[in-house]
Amino acid sequence: MFFTGDPTTRKRVDLGGRSSKERDRKKLLEQTRLERNRRLWLRQQNAAAIKIQKCFRGRKAVEAEHHKVRDQFYGTYGKHCLNIDRHSFGPDSEFLRDLFFFFNAQNNGDFTVLTETCRLLLQLFRDNGDIISLFGGVDYVTTHALVDYRVKQLAFYCIQAVYHNREQLKDQLLMTPWESSEPAVLLLEVVVFLIDQKLPWACKIVGYLLQRNAFTLFREIVLVGKENKMPSSCIGKVSSLEHMLSMMISHIGQKPCICPHTDPQCSFSSQMLTIPFLWQLFPSLKEVFATWGLSQHYVHQMALCVQGHANVLPNDVSAKYPGYACLLGNMLETAGVSLSQPDCSFEMAIDLAAVTKFLLGTIPPIKSSSRETKESSTLGEEDATQPDEMEIVLNRDLEQQITNAIDSRFLLQLTNVLFGGISLLSGSHYGLDEKEVTAVGAACAFLHVTFNTLPLERIMTVLAYRTDLVRVLWNFMKLCHEKQKWSSLPEQLSHLPADAPGWLLPLAVFCPVYKHMLMIVDNEEFYEQEKPLSLKDIRCLIIILRQALWQLLWVNPMVHNNVVKLVTNTSAYKRNSVESIKHRVSVVASELLSQLQDWNNRRQFTPPCDFHADGVDDFFISQAVIYGTKANDILKRAPFLVPFTSRVKIFNSQLLAVRQRHVVDGVFTRNRFRIRRDRILEDAYNQMSALSEEDLRGLIRVTFVNELGVEEAGIDGGGIFKDFMENITRAAFDVQYGLFKETADHLLYPNPGSGMIHEQHLQFFHFLGTLLAKAMFEGILVDIPFATFFLSKLKQKFNYLNDLPSLDPELYRHLIFLKHYQGDISELELYFVIVNNEYGEQTEEELLPGGRNLRVTNENVITFIHLVSNHRLNFQIRQQSSHFLRGFQQLIQKDWIDMFNEHELQLLISGSLESLDVDDLRLHANYAGGYHGEHYVIEMFWEVLKAFSLENQKKFLKFVTGCSRGPLLGFKYLEPLFCIQRAAGNASEEALDRLPTSATCMNLLKLPPYRSKQQLETKLLYAINAEAGFDLS
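In this text the structure is predicted, and so the values were computed from the model without any measurement.

Draft legend 1. Inspection of the overall build of the protein at higher detail. The helix and strand inventory of the protein stands at 46 helices and ten strands. Classification of the 1033 residues of the protein by burial places 51% in the buried group. Once local pairs closer than 6 in sequence are excluded, the contacts in the protein between residues at least 24 apart make up 77%. Total accessible area on the protein stands at roughly 50000 Å², and carbon and sulfur atoms take up 51% of it.

Below, the structure is given as structure tokens:
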């Protein structure tokens, strides 16, 4: 390049070290690549255009050829096929070949031709009957390939014609051939004739129809026909459509059928059984499907889909008729017939259980309208879930179809087939074979989902009393426990991961069923006859349940309750989450253990410590008082796992924390009662009823007034209040006052006729509830022995037949006599009424609406027995118990006493009924004023006290502490500790003539230094029996 004289033109230099040639090369390569891609795209575009044009031209040519052949066909045979005869269908005739070449189901002319052809065929079939020679001529064997092809095409085109014209034919689709010869009937009847199993091509036609997804077409045809079904004049006659479906399904899966396996998505199960109430449309089809071989084939087909987690169902008919719910209802409606067949196989039952389990898990829980649901439900309050905004609501009739199908007969048949070959003999020498594990897995998986979906009262009784479920499951669990190895249930049946505990599903089913059994069984059956399980087995069961609960709640705790509540609405959670089953087991196992503990409290058959978990230590106790911890959760869900003494400590710490928040200096106490000893109940009622809940939690100071109207000596530092509480509870709960009655065992319960004595009896019960709560709140033990069934009301529990002996043993014996009566109970002339007799006034009440006219029979005697028990234990005292509970809960929270059963609650109220432990009192005693543990006066004192009767020991304790009962956990917990102080500075005769005195607020005994044991005993007895109030203080 020559120099131009322009100094601004300079050579460019790339400071990155790259030459311009390198840049130009990369740019060239990129441009080349883009050009190559553009040319490729153009070639593809051209190729696609050629294909489209070729296809269009081909279609156009085919269409033109169709028109040409159609015109020739009309010219030869006529538009209404008037020129055809028997020979037109033979292998040498071109009639069917031409018709199939141009046939279009949506063309009205073609539809007419096919209809008239079918009309002629039906006439020929009925006249001659030799269908094979009609299509195959004289030698079918030689021409079978052509003939088979033609009959397959003919059958399919008939179905296709009905499908494409279903809206126009909607009134004809469910007609019978006896009613009319409408086009739809003619077309379907030809198919019926062609697939007759006696014909050599029947299997090939059915196989071809399956390949062409014929059931998909049938589904749409049935749905249209269902909406437009007309009343039939031919009662008992089968429609052409139903006849054709019956022949097709009975052909499939039957020997020597060689039909190819069809796509599950296009099978009869997926396409037809998902139609709502299919059997109402086709009752004859139901009978065919219910035969053992067919049911087994189709149920097994569905089971394979379930195992493969394949979604093969078509779109739902509507939101209220989900396909899986319709499939479940239709399948279950016929399952009972299949299970009742004597040759029903174990494999069939396994498949049926697996399919039913899967489908039940996809539908929302079906609610029961029965009032018993609240009482018999095994789910706690934490299991209740709020309705999901997207929750599916099934049609009520569809729900009814499902619940009616899973009835007592179905459950009995299914369990009989599953457990038919399992030995009910227990013992470690009987091993678990694969069949038994499979049977247990199938039954448990099915029943667990059933419990979550269906109303329990419909199925529990039959499972408990008419099947071997409890014994089979118990033998399984017992053997696994003895071998310390739980067999894993088949994953395809349980749908649980392989690492899930083997005891999870068996316990989820066993616990609610056995719990239901225990609600009905009587004391003689449980303790004497040892039914349904022996007491030895029950002890083993307690250990299994205790270990399972500890594993679930402490070792491997579940998701927190709040998380569970958020996810329980989702169907995926119900079906697949192990957490769901763990949560369920923790609830039902806890309820069953609690129930077994109640039986043990009635009559001990195992040490109470068997219910206690092994891992409860000081760390656990420290955590239990902290809200939200695992230990606190166990205390709420399964308190019996924690020893009673530990729970009492926790209860006392909770009370102490509340008292400390409300403590007020005694000098400035707001609540001061002035109580007349001879009018203690009235004065206490008037003054305490005026207090607010806040005041009730605070300190109350009492001044007693004696019979002369003079205030008694002594300043209330807590001791006088304890004496007041003990005296008022004795007066208020005295049966002479009329608010409470005594059982035969001298246990107290509300008087059902209290309203006849006191006009304001309900207000008095509220007051008494508050009074008892105040005693417990202040840690004061009171001698009030309540009946167990009344203590259940403090825990808001329902009483059952087995609680009746504590109220009326004679009535209980009569009811048990009825339960086991062998004759005709109706001859006893009993009716559903009960007679109440209060203070000589008899009233009659109906146990059921219309009960005066409803006789007790062998069929309803169990209901009668439980209604009588319910009336006496729950209904009669419902108002009194309710008001007592309201007063009680003013001070004592429900979750505080939920830690204790009724027997333990009585101990909280009254302490132990055993004799006073003098050695324990001596071990935790202090001394003052010159006394010490080895002083001769102290030695005499303990010898005298130990020799006292129980009554005098209780009087002594009341004398020095204000309460006749010691602390529940021993005198170590007496606040302050018991102390003996020397009362006289010298041992003069005047000083030794004094009586012992006490300061109950300090738990202090002022004891003069008596010289002899006889003198000490005489003075002490006089002091504790003087009943001089606090004048001796």
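On we go from here.
Draft legend 2. Expanded view of unusual backbone geometry. Geometrically, the link from Lys531 to Pro532 is a cis peptide bond, its omega value of 0 degrees lying close to zero. Along the chain, Pro532 turns up in the loop between helix H24 (523-528) and helix H25 (535-555). For the bond from Glu975 to Pro976, the omega torsion is -15 degrees, close enough to zero to count as cis. The phi angle at Phe277 is positive, at roughly 50 degrees, despite the residue not being glycine. Looking at the secondary structure, you find Phe277 in the loop between helix H10 (268-271) and helix H11 (278-281). One non-glycine residue, His746, adopts positive backbone phi at about 60 degrees. Structurally, the position occupied by His746 is in the loop between strand S3 (740-742) and strand S4 (748-750).

Draft legend 3. How the structure looks around a nonpolar patch on the surface. Taken together, the side chains of Met756, Ile757 and Tyr839 present a nonpolar region at the surface, about 320 Å² in accessible area. Structurally, the position occupied by Ile757 is in the loop between S4 and helix H35 (761-777). Assessed through its relative accessible area of 40%, Ile757 is described here as partly exposed.

Draft legend 4. Inspection of the UniProt feature "active site" (unreviewed entry) in the protein at higher detail. The residues that UniProt annotates with the feature "active site" (unreviewed entry) are Cys1001. With respect to the secondary-structure elements, Cys1001 resides in the loop between strand S9 (997-999) and strand S10 (1004-1007).

Draft legend 5. Up close: the side chain of Ser246. Within the secondary structure layout, Ser246 lies in helix H9 (residues 240-251). According to the relative accessible area criterion, Ser246 is buried, its value standing at 8%. Only 2.8 Å separates the side chain of Ser246 from the backbone oxygen of Glu242, close enough to count as a polar contact. Non-local contacts of Ser246, meaning those with residues more than four positions away in its chain, are made with Leu285 and Val288.

Draft legend 6. Highlighting the packing of helix H21 (residues 469-483) against H25. Across the interface, H21 lies against H25 with an axial gap of 11 Å and an inter-helix angle of 70 degrees. Overall, the two elements H21 and H25 adopt an arrangement that is roughly perpendicular. Two secondary-structure elements touch here, H21 through Trp474, Met477, Lys478 and His481 and H25 through Asp537, Cys540, Leu541, Ile543, Ile544 and Gln547. Its residues assigned to classes, the contact of H21 with H25 shows six nonpolar, two polar and two charged.

Draft legend 7. Quick peek at the pairing of strand S8 (residues 979-982). Alignment of strand S7 (residues 926-928) against S8, held across three bridges, turns out to be parallel. Bridge pairing in S8 places Tyr927 opposite Ile980. Sheet topology places S8 next to S10; four bridges connect them, and they run parallel. Bridging across to S10, Gln981 finds its partner in Lys1006.

Draft legend 8. Representation of the sheet that holds S10 in the model. Pairing is mixed in the open sheet, where four strands are placed in the order S7-S8-S10-S9. In this open sheet, the two edge strands, each paired with only one partner strand, are S7 and S9. Across the sheet, the mean angle from the axis of one strand to that of its neighbour is 25 degrees, orientation sign disregarded.

Draft legend 9. Main features of the environment of Leu82. Take Leu82: it is sitting in the loop between helix H1 (20-77) and helix H2 (95-102). Assessed through its relative accessible area of 71%, Leu82 is described here as exposed. Taking C-alpha positions, Leu82 is 9.5 Å from Thr117, a pair spaced 35 residues apart along the chain.

Draft legend 10. Expanded view of the pattern of salt bridges. Evaluation of the coordinates by the stated rule reveals 33 salt bridges. A salt bridge links Arg855 to Glu829; its shortest N-O distance comes to 3.2 Å. Taken as a pair, Arg855 in the loop between strand S6 (841-846) and helix H38 (861-875) and Glu829 in the loop between helix H37 (809-819) and strand S5 (833-838) lie far apart in primary sequence, 26 residues in all. Residue classification places Arg855 among the partly exposed positions, given a relative accessible area of 32%. The class of Glu829 is partly exposed, set by a relative accessible area of 46%. Residues Lys894 and Asp898 are paired through a salt bridge, measuring 2.7 Å at the closest nitrogen-oxygen approach. Judged by its relative accessible area of 33%, Lys894 falls in the partly exposed class. Connected via shared salt-bridge partners are Glu94, Arg97 and Asp98.

Draft legend 11. Representation of the packing of aromatic side chains. Within this structure, the stated rule accounts for 58 aromatic pairs. Centre to centre, the rings of Phe817 and Tyr821 are 5.5 Å apart; their planes meet at 55 degrees, and the pair counts as tilted. Taking the centre distance of 6.3 Å and the plane angle of 75 degrees together, the rings of Trp942 and Phe978 count as edge-to-face. Placement of the pair is Trp942 in helix H43 (residues 936-947) and Phe978 in the loop between helix H44 (950-961) and S8, with a sequence separation of 36 residues. For the pair formed by Trp942 and Phe978, the shared burial category is buried. For Arg602, the ring lying beneath its charged end belongs to Trp599, and the centroid distance is 4.7 Å. Across the ring face of Trp554, the terminal group of Lys630 is positioned such that the distance to the ring centre comes to 4.6 Å.

Draft legend 12. Region of interest: the nonpolar core. Phe135, Phe268, Tyr514 and Phe724 are the most contacted members of the largest nonpolar core, which totals 285 residues. With 13 residues, H25 is the largest single contributor of residues to this core. Among all residues touching Phe135, those that are not within four sequence positions of it are Phe89, Gly90, Pro91, Leu96, Leu121, Phe125, Val147, Val151, Leu154, Leu194 and Trp201.

Draft legend 13. Structural view of the pairing of S10. Across three bridges, the pairing between S9 and S10 is antiparallel. Bridging from a neighbouring strand, Ser998 pairs with Leu1005 of S10. As consecutive antiparallel partners, S9 and S10 are separated by four residues, and within that stretch Asn1003 has a phi angle of approximately 50 degrees, a positive value.

Draft legend 14. Structural detail: helix H28 (residues 578-602). Along its 25 residues, H28 runs 36 Å from first to last C-alpha, staying within 8% of the 36 Å computed at 1.5 Å per residue. Among the 25 residues of H28, 20 are classified as buried, and the element is accordingly described as predominantly covered.

Draft legend 15. Main features of the environment of Val306. Relative to the helices and strands, Val306 is located in helix H13 (residues 292-307). Overall, Val306 belongs to the buried group, its relative accessible area being 7%. Separated by 45 residues in the primary sequence, Val306 and Asp351 place their C-alpha atoms 9.6 Å from one another.

Draft legend 16. Representation of helix H7 (residues 202-211). Among the ten residues of H7, eight are classified as buried, and the element is accordingly described as predominantly covered. Looking at the buried side of H7, the elements it contacts are helix H5 (140-164), helix H6 (183-194), helix H8 (214-227) and H9. Directly after H7, the chain includes Asn213, whose backbone phi takes a positive value near 55 degrees.

Draft legend 17. Representation of the packing of helix H14 (residues 323-339) against helix H15 (residues 346-360) in the model. The geometry of H14 relative to H15 is characterised by a closest axis approach of 10 Å and an angle of 155 degrees between their N-to-C directions. Taken as axis vectors, H14 and H15 run roughly antiparallel relative to one another. Seen along the crossing, H14 lies across H15 with a hand that is left-handed. Judged by residue contacts, Tyr324, Leu327, Leu328, Met331, Leu332, Ala335, Ser338 and Leu339 of H14 engage Met348, Leu352, Val355, Thr356, Leu359 and Leu360 from H15. Considered class by class, the residues forming the contact of H14 with H15 number twelve nonpolar, two polar and no charged.

Draft legend 18. Just the confidence of the model for the protein, in detail. When pLDDT is averaged along the protein, the result is 84; 87% of the residues meet or exceed 70. Note on residues 560-576: pLDDT is under 50 here. Beyond four places in sequence and across chains, it has 27 contacts. This stretch, residues 1029-1033, has a pLDDT under 50; its non-local contacts, to residues over four places away or in other chains, come to 18 contacts.

What counts as what
Residues numbered from 1 in each chain as written. Predicted model: local features only at pLDDT ≥ 70, side-chain atom pairs only at ≥ 80, totals over all residues. Heavy atoms only, no water. Helix = DSSP H or I, 4+ residues; strand = E, 2+ residues; numbered from the N terminus. Buried < 20%, exposed > 50% of the residue type's maximum accessible area, 1.4 Å probe, protein only. Contact = heavy atoms within 4.5 Å. Areas by Shrake-Rupley, 256 points an atom, 1.4 Å probe, with all protein chains shown as cover. Patch = residues over 30% accessible without salt bridge, like charges linked within 9 Å, V, L, I, M, F, W, Y side chains within 5 Å. Salt bridge = Lys/Arg side-chain N within 4 Å of Asp/Glu carboxyl O. UniProt positions renumbered as here; feature names shortened; annotations may be inferred. Polar contact = N/O pair within 3.5 Å; in protein donor to acceptor, adjacent residues only side chain to side chain. Axes fitted to C-alpha atoms, helices over the stretch in contact; angles between N-to-C directions. Parallel < 35°, antiparallel > 145°, perpendicular 65-115°, else oblique. Nonpolar A, V, L, I, M, F, W, Y, C, P; charged D, E, K, R; others polar. Pairing = 2+ DSSP bridges. Phe/Tyr/Trp six-rings, centres within 6.5 Å; stacked < 30°, edge-to-face > 60°. Lys NZ or Arg CZ within 6 Å of the ring centre and 35° of its normal. Core = buried A, V, L, I, M, F, W, Y, C linked by side-chain atoms within 4.5 Å. Expected span 1.5 Å × (residues − 1). Left-handed = near helix turned anticlockwise from the far one by under 90°. pLDDT = per-residue confidence, 0-100.

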